[in-house]
Amino acid sequence: MNKHFAASAVPKGIHCLSLRLTDEYSSNAHARKQLPSPELLPLLSDNSYHHMIVSTDNILAASVVVNSAVQSSLQPEKIVFHVITDKKTYAGMHSWFALNPVSPAIVEVKGVHQFDWLTRENVPVLEAVENHNGIRSYYHGNHVAGANLSETTPRRFASKLQARSPKYISLLNHLRIYIPELFPNLNKVVFLDDDVVIQRDLSPLWEIDLEGKVNGAVETCRGEDEWVMSKRFRNYFNFSHPLIAKNLNPDECAWAYGMNIFDLSAWRKTNIRETYHSWLKENLKSNLTMWKLGTLPPALIAFKGHVHPIDPSWHMLGLGYQNKTNIDSVKEAAVIHYNGQSKPWLQIGFEHLRPFWTKYINYSNDFVRNCHILES
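Residues numbered from 1 in each chain as written. Predicted model: local features only at pLDDT ≥ 70, side-chain atom pairs only at ≥ 80, totals over all residues. Heavy atoms only, no water.

Explain the state of the cysteines residue by residue, including any values.
Here the structure, examined in full by the defined rule, presents two disulfides. Two residues, Cys16 and Cys371, share a disulfide whose sulfurs are 2.0 Å apart. Because the torsion about its S-S bond is -75°, the bridge between Cys16 and Cys371 counts as left-handed. Of the two residues, Cys16 sits in helix α2 (residues 12–27) while Cys371 sits in the segment after α17 (366–370), which places them 355 residues apart along the sequence. When sorted by exposure, Cys16 lands in the same class as Cys371, which is buried. The disulfide partner of Cys221 is Cys253, and the S-S distance across this bridge is 1.9 Å. Disulfide Cys221-Cys253: the torsion about the S-S bond is -105°, which places it as left-handed. Of this pair, Cys221 sits in the loop between β6 (215–217) and α11 (242–247) while Cys253 sits in the loop between α11 and β7 (259–263); the two residues are 32 residues apart in sequence, bridging distant segments of the chain. Both residues of the pair, Cys221 and Cys253, belong to the buried class. Along the protein chain, the cysteines that take part in disulfide bonds pair up as 1-4, 2-3, counted in sequence order. (Disulfide = S-S within 2.5 Å. Helix = DSSP H or I, 4+ residues; strand = E, 2+ residues; numbered from the N terminus. Buried < 20%, exposed > 50% of the residue type's maximum accessible area, 1.4 Å probe, protein only.)

And the structure:
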């Protein structure tokens, strides 16, 4: 329970960073300067560049994703980063990248409120998710009372608590399903979660032949590791629900979100978004009894038949809940992913895995220093 609260809280240093940068936006013209500069705007939709997207309200995490990608790239001048954030974080996020450019790469910061396409008509399901009383009390109510302590083991209790994190109903978390509409001029993008670190040049991802498929992803059912790499549909869905039992195969291999190469041209010819919406609605109607956790289960259904497996060395998972992670494997992976509760920016992050993340933070930066980020 303590770990759940520690994982759900925003550390004081990260909150401080957001507040100070927001204040800077209002008082410093440099923090408000156009990103990117006007002469570079055409490159935001130029498909000869490598476009990467990260969607987050965590400024420090976004800076690590961008810094690590640029520093690991053999062609940083070809990188265009699209950082998407929410309205409350927009000013602070913009300030950070305006005051800390990562040239020669290009960074665009956009708030969800700045996308014309994201209207209530286009995302009705998400409005339903956020306003449904049962959903709100499930995610924002008394988690301990709702988990029924008398009938559970510590591990099951922990997973029940994690399943009730409010992040799972945030628009930022579901945004990835709208990428083809949000970036109508782009053909191929790499989508990154905010808890990843890039350690290798990612440009070869754009050369992978997805063979007509939409989503290049690492499969998570082919490893020895029972925690991370032995996930099939049965791990995500309730197969005692008739709709699930009728439509899905419990032995089907799952895949990972967090580092995906998306062919948007192929995606626009599918009904992936509609499928995602309709299954979200069904789960709402059945009171969340089809699956509990996050954005991956509806995506596993929506992308069925549209996934091209890529080499597992591209994306190593589990650094946020796997204390015994093999350090040599971490060093070799192209992208490492701190999925799980023990994020590297939290005090409950694993000390031996944290340096792979903190090496991309500039501790001499005035904002980082004044907010005492990750000082022991």
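Break down the packing of α2 against helix α4 (residues 87–99) for me, with residues and values.
Taken N-terminus to C-terminus, the directions of α2 and α4 make an angle of 80°; their axes are 7 Å apart at the nearest point. Judged on the interaxial angle alone, α4 and α2 are roughly perpendicular. Residues Leu17, Ser18, Leu21, Thr22, Glu24 and Tyr25 of α2 pack against Thr89, Tyr90, Ala91, Gly92, His94, Ser95, Trp96 and Leu99 of α4. For the contact of α2 with α4, the residue count by class is seven nonpolar, six polar and one charged. (Axes fitted to C-alpha atoms, helices over the stretch in contact; angles between N-to-C directions. Parallel < 35°, antiparallel > 145°, perpendicular 65-115°, else oblique. Contact = heavy atoms within 4.5 Å. Nonpolar A, V, L, I, M, F, W, Y, C, P; charged D, E, K, R; others polar.)

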